[in-house]
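Letter by letter, the chains look like this.
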Amino acid sequence: MVLISALFLLIRSLILRRTAIAADNLALRQQLNGKYGYLDKTGKEVIPLKYDNAVPFSHGLARVWVNKKEGYIGRDGTEYFEP
């Protein structure tokens, strides 16, 4: 029973994650050197692979980290970091 519950939670989280990515039509991608960026639905890079860590877009913004600084980026690549 525990295994079934864990499997259900895993599947549900994967479905929700895909929905978050698909909702903004931008997919999060990690390059071999560990940097993150975003691709559009055709696979074209629209936000460069330059972030140390990143999460999928939600409501038009994505949380990113670069050089130990945390901030947000818009779908057009505009960066919002505290000075």
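Computed from a prediction, not measured in an experiment: that's the story for all the values here. Residue indices begin from 1 for each chain and proceed along its sequence in written order. Only residues with pLDDT of at least 70 get local features here, since the model is predicted, and only at 80 or more are side-chain atom pairs given and counted; chain-wide, interface and lining totals rely on the full set of residues. Water and hydrogen atoms were dropped before computing side-chain values, which therefore reflect all heavy atoms in the structure.

Some thoughts on the overall build of the protein chain
Move 1: The number of helices and strands found in the protein chain is 1 helix and 7 strands.
Move 2: Strands are runs of DSSP state E lasting at least 2 residues, helices are runs of H or I lasting at least 4, and numbering of each runs from the N terminus. Going from N to C terminus, the protein chain has its helices and strands arranged as α-β-β-β-β-β-β-β.
Move 3: For every residue, the accessible area obtained with a 1.4 Å probe (protein chains only) is divided by the maximum for its type, and the residue is called buried under 20%, exposed over 50%, and partly exposed between those limits. In the protein chain, buried positions account for 20% of the 83 residues.
Move 4: Contacts between residues were defined by any pair of non-hydrogen atoms, one from each residue, lying within 4.5 Å. Taking all contacts inside the protein chain whose residues are at least 6 apart in sequence as the whole, residues at least 24 apart take part in 19%.
Move 5: Residue exposure ignores everything except the shown protein chains as possible cover, and the areas themselves are Shrake-Rupley values with a 1.4 Å probe. Within the structure as shown, the protein chain displays about 6300 Å² of accessible surface, and the carbon and sulfur contribution to it stands at 59%.

A short note on the sheet that holds strand E4 (residues 53-54)
Move 1: Between any two strands, pairing holds if DSSP finds at least two bridges. One open sheet holds the 4 strands; their spatial order is E4-E5-E6-E7, and the pairing between them is antiparallel. If you trace the sheet from one side to the other, it starts and ends with E4 and strand E7 (79-81), each paired once.
Move 2: Direction of pairing for strand E6 (residues 69-74) relative to E7: antiparallel, over a ladder of 3 bridges. From the neighbouring strand, tyrosine 72 faces E7, where its bridge partner is tyrosine 80.

Considering the pairing of strand E1 (residues 26-30)
Move 1: As defined by bridge partners, E1 adjoins strand E2 (residues 36-40) across 5 bridges and the pair is classed as antiparallel. From the neighbouring strand, leucine 28 faces E2, where its bridge partner is tyrosine 38.
Move 2: The antiparallel pairing of E1 with E2 creates a hairpin that spans 5 residues between the two strands, and glycine 34 there sits at a positive phi of about 90 degrees.

Observations regarding the confidence of the model for the protein chain
Detailed reading of predicted coordinates is not advised where the pLDDT is low.
Move 1: Per residue, pLDDT captures the predictor's confidence, and it can take any value from 0 to 100. Averaged over all residues, the pLDDT of the protein chain is 77; the fraction at 70 or higher stands at 71%.
Move 2: Here residues 12-22 scores under 50 on pLDDT; set against residues more than four positions off or in separate chains, the count is 4 contacts.

A short note on a nonpolar patch on the surface
Move 1: Patches in this entry comprise residues that are over 30% relatively accessible and not in a salt bridge; like charges within 9 Å are linked, as are nonpolar side chains (Val, Leu, Ile, Met, Phe, Trp, Tyr) within 5 Å. One speaks of a salt bridge when a side-chain nitrogen belonging to Lys or Arg is within 4 Å of a carboxyl oxygen belonging to Asp or Glu. On the surface, a nonpolar cluster with roughly 290 Å² of combined accessible area is contributed by Leu61, Tyr72 and Tyr80.
Move 2: Along the chain, leucine 61 falls in strand E5 (residues 61-66).
Move 3: Residue classification places leucine 61 among the partly exposed positions, given a relative accessible area of 37%.

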